[in-house]
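Structural characterization, general
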Amino acid sequence: MAPTKKMGIKQKYAHLTRGLDWETTYEKMDDVFPYDKFEGIKITDWSKWEDPFRLTMDSYWKFQAEKERKLYAVIDAFAQNNGQTNISDARYVNVLKLFLTGISPEEYQAHRGFAFTGRHLRGVGPRVACQQQSLDELRHFQTQCHTISHFNKFFNGLSEFRTMHDRVFYLSVPKSFFDDARTAGPFEFMIAIGFAFEYVLTNLLFVPFMSGAAYNGDMSTVTFGFSAQSDESRHMTLGIEVIKFLLEQHPDNLPIVQEWVDKWFWRGFRLLGLVSMMMDYMLPKKVMSWKEAWEIYFVEAGGSLFKDLERYGLKMPKYHEQATEACEHISHQLYGLLYQLSHVTGLHAWMPDDEHMDWLSEKYPNTFDKYYRPRFELWKQQEAEGKRFYYNGLLQLCHTCQLPMTFTEPDDPTTTCFRESEYEGQHYHFCSDGCKDIFDREPEKYISSWLPIQQIFQGNCGGPTIPDVLAYYMFGPNDGGEYVGSEDNKLWESWKNATTKEAAE
Amino acid sequence: MPVKAIVDNYKDFNPNRDLPEQYHGNLMVYLYWNKHMSFVAAMAAPLPPPTPFGALPEVAKSVYGTHPDFEKIDWSKVEWTLDGNPITPDFAKSIGEQGVRHKSLIRFTTPGLDGFEGKYV
């Protein structure tokens, strides 16, 4: 027998992916893959799927194991060197808390979603890519759990992140986003998470968050970011490949894909509003403004992406002009929300100082001084009188994005935007045209949304009073509220004083 | 447009979680104070239909009472809308009798009071 020649990468790849696929004979293919037709997407030839990375499972394991070793070495070193004492300020930890309680559980949801698509797409190429992404997302969740575990030793607001994800009112914003995607069919999930979130919007989440971590001395998060980066580029490539593949396969797919792009752009934009307040208000050392980030990563990068997709007939997402116009406002509006509701969150908020407000005036010359500085001046005055401004009640939520109805009319920042639909004799309220359209397209789906305020009134959240609900959320007494004077604040001061004292001796 | 689902009886799996009968006899009512943007959203309150309309200023006070304008409100001059339509409410009659239903939005304008320093804040 002649010695077998060693296989080349391409050949090996073909064997380990396409070679694993076959047409079933005992069972009908439609029974084995029941989910990939009902959405109306037509695939004529699965073999036309271009595998952008040509990564086999064995090399995948090898790469990832190597990255894990490096990552855990840094995380261990961070813990041993008390890295938490080298961050810019303990206020920074609130950025981490928001990310770790709001996004990390969604990494897990993404893992589940990609495991599902990795099982249910008929073509073997996308199936393998989805399985790899599913494992990546699980890994991201795990590594972020280590960060939670470390910061939880020192700071409040992180300890019950699992329960909080399922119950807390503002965490229902990311949760409902992923619940919506995961209860869609596999193709919509791919457009929602693979394309809209991972391709169009991901840079707005990761770049500011990771640069923010670096600027503010959080090396454990920076390392996680680097470790995730090569995964992210693979995910982005999958996201762009799926949209091209669907549009090339059949002209009937275009209107369906366009609707999904419109929907998931708007849902993603609403979700990323949380990043806008991180960037403009919560990072003690600022990276850039939300408006600047939006210009770079959506207006420019997104614009050229959609220019490129024009040849398939795909248009810019509906209401993208409204999103760009809203960039002048959303960070201020959302931080206002956190400032006056922080006592019922797991986060601290604080009054921006004069230097910070001047930075905001400079970054938002059209809007900050006119519409938002006066709010802070009123609240500052009340703080000085010993009456820190809190919203002492429950508020109205948008039925689609589940954010409080805090956004303003596109052409009038002094009027709240109210939109409404009627379905089967009932009222439904929305914060924007985008959210209303999403509901109107599939009302049967959204009538079953678990809206946190509605659930409190229905008696499903521990009881009728605010302390009952906070106990149900598993918030401790020191998890939220004003930062100044909080346990986090005092701990930080004690660390700083210890350093100064030592230096003086 | 109906939802595209893998089953025909989609609605059996997807109950409405926001029906009036789930609120133990209360109406979920939204109250919004125009031109006072420092409050980040309309407040939501569970109110039984027999609640007199005249109780709404007290309900509003629980949230909006922290604003310096609130105590200056002359309730006889307040302008009201219910679900987008102007109304002249009878304070003695109940909200239920005057067309308030589950998730109605009641907005009120306080003439002459335009927020902190008149800046709609």
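Definitions and cut-offs
- Residues numbered from 1 in each chain as written.
- Chains lettered and ligands numbered in written order.
- Predicted model: local features only at pLDDT ≥ 70, side-chain atom pairs only at ≥ 80, totals over all residues.
- Heavy atoms only, no water.
- Helix = DSSP H or I, 4+ residues; strand = E, 2+ residues; numbered from the N terminus.
- Rg over C-alpha atoms; globule rule 2.2 N^0.38 Å.
- Buried < 20%, exposed > 50% of the residue type's maximum accessible area, 1.4 Å probe, protein only.
- Contact = heavy atoms within 4.5 Å.
- Areas by Shrake-Rupley, 256 points an atom, 1.4 Å probe, with all protein chains shown as cover.
- Lys, Arg positive; Asp, Glu negative; His and termini not counted.
- Charge placed at Lys NZ, Arg CZ, Asp CG, Glu CD.
- Polar contact = N/O pair within 3.5 Å; in protein donor to acceptor, adjacent residues only side chain to side chain.
- Buried area = accessible area lost by both parts, 1.4 Å probe.
- Salt bridge = Lys/Arg side-chain N within 4 Å of Asp/Glu carboxyl O.
- Pairing = 2+ DSSP bridges.
- Phe/Tyr/Trp six-rings, centres within 6.5 Å; stacked < 30°, edge-to-face > 60°.
- Lys NZ or Arg CZ within 6 Å of the ring centre and 35° of its normal.
- Patch = residues over 30% accessible without salt bridge, like charges linked within 9 Å, V, L, I, M, F, W, Y side chains within 5 Å.
- Expected span 1.5 Å × (residues − 1).
- Bend = angle between axes of the 7 residues up to and from the residue.

This next bit is on the overall build of chain A. Secondary structure summary: chain A contains 21 helices and seven strands in total. On C-alpha atoms alone, chain A measures out to a radius of gyration of 24 Å, which is about the 23 Å that the 2.2 N^0.38 rule sets for 505 residues. C-alpha atoms of chain A, sized along the principal axes, occupy 85 × 65 × 45 Å. The 505 residues of chain A split such that 60% are buried. Long-range contacts, defined here as pairs at least 24 residues apart, represent 78% of the contacts in chain A between residues at least 6 apart. Just so you have it, chain A exposes about 20,300 Å², and 54% of that area is on carbon and sulfur atoms. Separation between the mean location of the 52 positive side-chain charges and that of the 70 negative ones in chain A comes to 6 Å.

Summing up its helical and strand segments, chain B has two helices and five strands in all. When its helices and strands are written in sequence order, chain B yields α-β-β-α-β-β-β. Over its C-alpha trace chain B gives a radius of gyration of 18 Å, far above what one expects of a compact globule, namely 14 Å for 121 residues. Projected onto the principal axes, the alpha-carbon positions of chain B cover approximately 55 × 30 × 25 Å. In chain B, which comprises 121 residues, the share counted as buried stands at 48%. Considering only intrachain contacts with a sequence separation of at least 6, the fraction spanning at least 24 residues in chain B is 67%. Total accessible area computed for chain B in this model is approximately 5,800 Å², and 54% of it derives from carbon and sulfur atoms.

Residue and element names in this part refer to chain A. Looking at where glutamine 144 falls in the secondary structure, it is placed in helix H6 (residues 124-152). We classify glutamine 144 as buried; its relative accessible area is 1%. Residues glutamine 144 and tryptophan 294, 150 residues apart in the sequence, show an inter-C-alpha distance of 26 Å. Leaving out residues up to four positions away in the same chain, glutamine 144 has contacts with Phe99, Leu100, Ser104, Glu107 and Phe224. Looking at glutamine 144, its side chain comes within polar contact range of the side chain of glutamate 107, at 2.8 Å.

Quick look at the interface of chain A and chain B now. Accessible area lost upon the coming together of the parts serves often as the stated size of an interface. Taken together, the contact pairs 61 residues of chain A with 48 residues of chain B. Contact between chain A and chain B buries roughly 4,600 Å² in total, counting both sides, with carbon and sulfur atoms accounting for 57%. Taken as a group, His427, Phe457 and Gln458 of chain A account for 15% of the area that chain A buries against chain B, more than any other trio of residues on that side. Taken together, the links from chain A to chain B amount to two salt bridges. Seen at the junction of chain A and chain B, the total is 30 residue pairs in polar contact (both at pLDDT 80 or more). Here the side of chain A that touches chain B gets eight residues from one element, more than from any other, and that element is helix H16 (residues 368-384) of chain A. As defined by bridge partners, strand S2 (residues 394-395) of chain A adjoins strand S2 (residues 43-47) of chain B across two bridges and the pair is classed as antiparallel. Of the residues in S2 of chain B, the one forming a bridge with leucine 395 of chain A is methionine 43 of chain B.

The next point concerns the packing of aromatic side chains. Considering all chains together, one arrives at 58 aromatic pairs over all chains under this definition. Note on phenylalanine 430 of chain A and phenylalanine 439 of chain A: the rings are 5.0 Å apart at their centroids and 45° apart in plane angle, and the pair reads as tilted. Across the pair, exposure class does not vary: phenylalanine 430 of chain A and phenylalanine 439 of chain A are buried alike. Centre to centre, the rings of tryptophan 80 of chain B and phenylalanine 108 of chain B are 5.6 Å apart; their planes meet at 40°, and the pair counts as tilted. Within this pair, whereas tryptophan 80 of chain B is found in strand S3 (residues 79-82), its partner phenylalanine 108 of chain B is found in strand S5 (residues 105-109), the two being separated by 28 residues in sequence. Taken individually, tryptophan 80 of chain B and phenylalanine 108 of chain B each receive the classification buried, so the pair is uniform in this respect. Against the face of phenylalanine 407 of chain A rests arginine 270 of chain A, its NZ or CZ located 3.6 Å from the ring centre. A cation over a ring is seen here: lysine 286 of chain A above tryptophan 359 of chain A, with NZ or CZ 5.7 Å from the ring centre.

It is worth spelling out the pattern of salt bridges at this point. In total, this model carries 45 salt bridges over all chains according to the counting rule given. Taking the shortest distance from any N to any O, the salt bridge between lysine 119 of chain B and glutamate 117 of chain B comes out at 3.1 Å. If you follow the salt bridges from partner to partner, you end up with Asp180, Glu188, Glu259, Lys263, Arg267, Arg441, Glu442 and Lys445 of chain A in one network.

Residues and elements named next belong to chain B. The grouping of Ile6, Val7 and Phe13 at the surface amounts to a nonpolar patch, some 270 Å² of accessible area in total. Topologically, phenylalanine 13 is positioned in helix H1 (residues 10-13). Given the relative accessible area of 58%, phenylalanine 13 is considered exposed.

Here we come to the side chain of serine 448 of chain A. With respect to the helices, strands and loops of the structure, serine 448 of chain A is situated in the loop between helix H18 (443-446) and helix H19 (452-457). At 3.2 Å, the side chain of serine 448 of chain A forms a polar contact with the backbone oxygen of lysine 445 of chain A. For serine 448 of chain A, the residues in contact, after removing those within four places along its chain, are Asn14, Pro15 and Arg17 of chain B.

Bringing the side chain of serine 342 of chain A into the picture now. Checked against the element boundaries, serine 342 of chain A lands in the loop between helix H14 (330-341) and strand S1 (348-349). Discounting residues that sit within four places of it in the chain, serine 342 of chain A has contacts with Leu347, Ala349, Arg388, Tyr390, Gly480, Gly481 and Glu482 of chain A.

Another point: unusual backbone geometry. Residues and elements named next belong to chain B. One non-glycine residue, glutamate 117, lies in positive phi territory at about 55°. Here glutamate 117 shows up in the segment after S5. In the Ramachandran plot, tyrosine 120 falls in the positive-phi region, its phi being about 60° despite a non-glycine side chain. Among the residues examined, tyrosine 120 registers a relative accessible area of 26% and is labelled partly exposed.

This brings us to helix H10 (residues 219-249) of chain A. In a regular helix each residue adds 1.5 Å, so 31 residues correspond to 45 Å; H10 of chain A covers 45 Å between its end C-alpha atoms and thus fits that length. At glutamine 229 of chain A, H10 of chain A shows its largest bend, some 40°.

All names here are of chain A. The side-chain alternation of strand S5 (residues 419-423) yields one buried face, formed by Arg419, Ser421 and Tyr423, and one unburied face, formed by Glu420 and Glu422. Pairing between S5 and strand S6 (residues 426-430): five bridges, direction antiparallel. Across the sheet, residue arginine 419 finds its bridge partner in S6, namely phenylalanine 430. As consecutive antiparallel partners, S5 and S6 are separated by two residues, and within that stretch glutamate 424 has a phi angle of approximately 45°, a positive value.

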